[in-house]
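A structural walkthrough
Each chain, written out:
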Amino acid sequence: MKEDALSRLRRILAVQLARGAGLFSRRLRQGGGTALPGLVAEHVAPGLLGFLLRQIPGGTIFVTGTNGKTTTAALLRNVLAADGRSVLHNATGSNLTRGVLSALLAHAAWDGRLRLAPASIGVMELDEAAIVPALRQHQPSCIVVTNLFRDQLDRYGEVQTIAAGLRAAFAELGPATALLLNGDDPLVASLGEGYGGPVRYFGVDAPGLARADVELAADSHYCPQDATPLTYTGAYYGHLGAYACPACGWRRPEREVRATNVVMRGLEGAGLTVALPEADLSLRLRVPGLYNVYNALAAVTAAWHVGAAADAISQGLGATIPAFGRAERIETGGRQVWLLLIKNPIGANQVLRLLAAEEAPLHTLVILQDRAADGHDVSWIWDVDFESLASASITTGGRRAEDMAVRLKYAGAESITVMRDIAGAFDHALAGTPAGGTLFILATYTGMLAMRRVWTERGFVRDYWETQA
Amino acid sequence: MKLVIGHLYPRLMNMYADRGNVICLAQRCRWRDIAVEVRSLGPGPLVNAAELDLLLVGGGQDREQLLASRDLVETKGPALRDAIEDGLVALAVCGGYQLFGEYYRDASGSELRGIAALPAYTLHPGAGSHRCIGNIVTVWEGTKLVGFENHGGRTYLHEPAAALATVVSGFGNNGEDGTEGARWRNVYGTYLHGSLLPKNPAFADHLLLQALQRRHGVSSLPPLDDDLETSAHHRALEIAGG
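None of the values given here were measured: they were computed from a predicted structure.

1. A closer look at the sheet that holds strand β16 (residues 415-418) of chain A
Residues and elements named next belong to chain A.
- An order of β12-β13-β17-β14-β15-β16 is seen for the six strands of this open sheet, with the pairing classed as mixed. Bordering the open sheet on either side are β12 (328-332) and β16, each of which pairs with just one other strand. Here the strands of the sheet are splayed against their neighbours by 20° on average, with no regard to which way each runs.
- Sheet topology note: the strand β14 (residues 363-367)/strand β15 (residues 393-397) ladder contains five bridges and is parallel. Directly across from valine 366, in β15, lies its bridge partner threonine 396.

Right, here's the structure in full:
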């Protein structure tokens, strides 16, 4: 489609304004200018995203889903970099259209033309809502869907509604876009049914890590065809597992990419073998938990789909450390401190499962916020199995520190201190942790950012927009 | 002394973590040395309904609500209605509240039947309408209740139901008449999540006392140390106020 003069002018104006906004935002230290330039550009030139993405010679991979987007994209980025590609990536977890635009505009000349190496490829994380309008502007080479759990309902609506939105958006795509889907997630797997282009499924085969039935916080354990409750021969977490519908026989699809021999190594990571149709890869992960095994599988599937070499896959995965705040470790005052993001019941239960393997008594700081990025409704904490922290020594912090304290009290905890101020809560929790011991911080999204801001000010870590190349 | 709590549809109607209400009531019994048994009541016939002292149900997603409606009206209907007429204390939240009313007419105009334990009905004003979302404060018998509401349907009461509370800030039943929730016999309906009871211990104890009075003739409950609950209550008031 030929661009008219007005659109061209808007595009150039958008690029210039976005640059100014980025400088301005960095100067004010309101974040690394990771979203503001894109926000400005989005309003001035609505078609800019498609214009920029079309220029990437190796195409773009979209990563979406409820949990694991940022880590999956980071793993994939490192694999593709190890494969010799030049990767464009919205690395800071700013996963709305504006975040993608900002990442791309960093490579744009004055008129919006991207200056790129020939082997460039895009890896863009988009949240489940933002991907729908983005797909109207650009058809990516493939779309990875990690999982669909309930998350921040006051913002996104019900998980069924999200799936319906994705299904409708995918139906408009041409056969050049492949869907790479988590086959262990019934709702995600159902997105592949009737899709016009290629579909590839990934999943886990680790009977030793499965439980007999889905956890109580799980949703969507219903057949997408006839809404009958699914039966599981093994459930990993949330509604992920080996499922079948007892009424219509609909079942988990054949998965081309499977994780076997999964060995969990606590917070240090995990080992696994990935069975690809042509080879088995033995992999070592430095990101912890079964949820990250799924993220690694998602990344492997995408890397394999775009033809990355096996060596690059194992090298890239092995080099990836958790994305900022996802399982970040610092040492201060002779104590080890872990910062772990919790943002919904399923993810939080996974983090608690990791802590259950640590030596008791645990020293913890739990930060609960209720800003837009956390979800205004804090009810979800009652779906999290915090009972496993009953014997822990706990400080609660953040705007909803009191709510968190009540949740933990009803979970059976007896040692709870409430300190709304996050820096103060951190100091208190750290002082209560014996020398040589470990403090575990669980924080919702803006709580995690606030904690890191404190650490940055104290020189423990760098700003998040500087942590990834 | 023992209290039996029925948790209706713990899997089907589990969207807004209303199981916090079950956790809260069970703990407040244990802390008072009252034995407590929680029964999960999934789809299927309701057996031994007369043994239940308290019944709780939460909100679900649309599809789950459809399944629950069928089971509630067709399978559990008569046994549950008898228990309610006999004075069973029940708390129904959000989608559960809608199903405890007479019917729910969704955005497309099709009707979901309720069990009519509350003289109330719910209408969805159509696909383009806004959802009622946000922090909410109400007054119930002179005591403030705090929570979070998130519903598309608008609920309207008629005789002989009374509103549970009046809205101070937020939408409540329908955003029009200033009412929130409903009460008829010993059945309470409300849109408040949070979960509701842990942050509103006075209301939690009101339900407990009513159930214990009915079964065991108890006339008062020993007080608990509610400092944390009260501070969470006040914090929610503060945040709802801006």
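2. Considering the interface of chain B and chain A
- At the junction of the two partners, chain B supplies 29 residues and chain A supplies 21 residues.
- Going through the elements one at a time, α1 (19-30), α2 (62-85), β8 (132-140), β9 (143-151), α4 (196-199) and α6 (227-240) of chain B are the ones with two or more residues in the side of chain B that touches chain A.
- The residue inventory of the side of chain B that touches chain A, partitioned by class, reads 12 nonpolar, 10 polar and seven charged.

3. Side note on unusual backbone geometry
- Omega for the peptide link from A:Ala360 to A:Pro361 comes to -5°, which places this bond in the cis form.
- Positionally, A:Pro361 belongs in the loop between α12 (345-356) and β14.
- Residue B:Gly194 is joined to B:Ser195 through a cis peptide bond whose omega torsion reads -10°.
- As for its placement among the helices and strands, B:Ser195 is situated in the loop between β14 (187-190) and α4.
- Look at B:Ala17: it is not a glycine, yet its phi comes out positive at around 60°.
- As for its placement among the helices and strands, B:Ala17 is situated in the loop between β1 (2-8) and α1.
- Judged by C-beta crowding, with 26 C-beta atoms within 10 Å, B:Ala17 ranks as buried.
- Residue B:Glu141 is not a glycine yet carries a positive backbone phi of 45°.

4. Thoughts on the pairing of strand β7 (residues 120-123) of chain B
All names here are of chain B.
- Pairing of strand β5 (residues 103-105) with β7, which is carried by two bridges, proceeds in the parallel orientation. Note on β7: the bridge partner recorded for arginine 105 is leucine 123.
- Of the strand pairs in this sheet, β7 and strand β10 (residues 154-157) are connected by four bridges, and their pairing is antiparallel. Each residue of the ladder has a partner; that of leucine 123, found in β10, is arginine 154.

Conventions and cut-offs
- Residues numbered from 1 in each chain as written.
- Chains lettered and ligands numbered in written order.
- Predicted model: local features only at pLDDT ≥ 70, side-chain atom pairs only at ≥ 80, totals over all residues.
- Pairing = 2+ DSSP bridges.
- Helix = DSSP H or I, 4+ residues; strand = E, 2+ residues; numbered from the N terminus.
- Axes fitted to C-alpha atoms, helices over the stretch in contact; angles between N-to-C directions.
- Contact = placed C-beta atoms within 7 Å.
- Nonpolar A, V, L, I, M, F, W, Y, C, P; charged D, E, K, R; others polar.
- Buried ≥ 20, exposed ≤ 12 C-beta atoms within 10 Å, placed from the backbone.

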